[in-house]
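Single-letter residue listing:
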Amino acid sequence: MTEERTSAKARLDTWREQGADRIDPVRFHVLEALEQRAAGHEGEVRRLLDERLSLLLDGYAAIVEQAAAQPQSGTAATGDGPLRSLAQTLGRRAPDAFPELPMLADVRQLWSGLRTESQLRQSLQPAPANAGPLNSSALAHRAIASMRELSPGYLRHFLGYLDALSWMEQIQIEGAAAPARKRNREKKAT
């Protein structure tokens, strides 16, 4: 059993040195994790893990051979990076894994309508009674009430547009905060 573990570890190390670990990084990581897990067991459990590892190693060897037979393209030749490599890997595995469902469009439309109606009810709540003529809440309330009378369809479209802008702003704020959170975690780790 120790020979099999040494053999598996040697194969993984060789592939890493050759850069074959970048062909399918997720699968390679699974192989490494399984090899480490097998190392911590003895007896029947170890035998079963070694068998599984052997099968997965053979499968990965076929992928390495196939990649070696193909002309150099992708991340090594063009420098596209790991994200493109992952997208290509997922595309090769299951191009039709997530087909567009016809019912999904109906659900999206229904959800959009419900969300817009909810925002409309919320925005048409009475304005403050003691608000002055230039109070932003009172002005917004009057504008929405006028739009509702003149063109309810436009108002729904407008509220959907505002909802999308608000969502995009939230993503931008969270994206800007992510590096700061990462720096804080790094400071705490050191």
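Reading the values: the criteria
Residues numbered from 1 in each chain as written. Predicted model: local features only at pLDDT ≥ 70, side-chain atom pairs only at ≥ 80, totals over all residues. Heavy atoms only, no water. Helix = DSSP H or I, 4+ residues; strand = E, 2+ residues; numbered from the N terminus. Buried < 20%, exposed > 50% of the residue type's maximum accessible area, 1.4 Å probe, protein only. Contact = heavy atoms within 4.5 Å. pLDDT = per-residue confidence, 0-100. Core = buried A, V, L, I, M, F, W, Y, C linked by side-chain atoms within 4.5 Å.

## Notes on the overall build of the protein chain
Next up, step 1: Scanning the protein chain from N- to C-terminus turns up eight helices and zero strands.
Next up, step 2: When the elements of the protein chain are put in sequence order from the N terminus, they spell out α-α-α-α-α-α-α-α.
Next up, step 3: Considering the protein chain as a whole, with its 190 residues, one finds that 17% of them fall into the buried category.
Next up, step 4: Of the contacts made within the protein chain by residues no fewer than 6 positions apart, 53% connect residues no fewer than 24 positions apart.

## What about the environment of Gly-59?
Next up, step 1: With respect to the element layout, Gly-59 can be found in helix 3 (residues 43-69).
Next up, step 2: Classification of Gly-59 as partly exposed rests on a relative accessible area of 32%.
Next up, step 3: Taking C-alpha positions, Gly-59 is 10.0 Å from Arg-27, a pair spaced 32 residues apart along the chain.

## Here we look at the confidence of the model for the protein chain
Next up, step 1: In the predicted model, the protein chain carries a mean pLDDT of 79, and 81% of its residues have values of at least 70.
Next up, step 2: In the predicted structure, residues 74-78 sits below a pLDDT of 50 and forms six contacts with residues beyond four places in sequence or in another chain.

## Observations regarding the nonpolar core
Next up, step 1: In this structure, Leu-12, Trp-15, Leu-31, Leu-53, Leu-57 and Tyr-60 are the most contacted members of the largest nonpolar core, which totals 14 residues.
Next up, step 2: If you list the elements that add at least two residues to this core, you get helix 1 (2-18), helix 2 (25-39) and helix 3.
Next up, step 3: By residue number, the principal contributor to this core is helix 3, which donates six residues.
Next up, step 4: Setting aside chain neighbours within four positions, we find Leu-31 in contact with Leu-12, Trp-15, Leu-53, Leu-56, Leu-57 and Tyr-60.
Next up, step 5: Ile-144, Met-147, Leu-155 and Leu-159 belong to the second largest nonpolar core, which has five residues in total.

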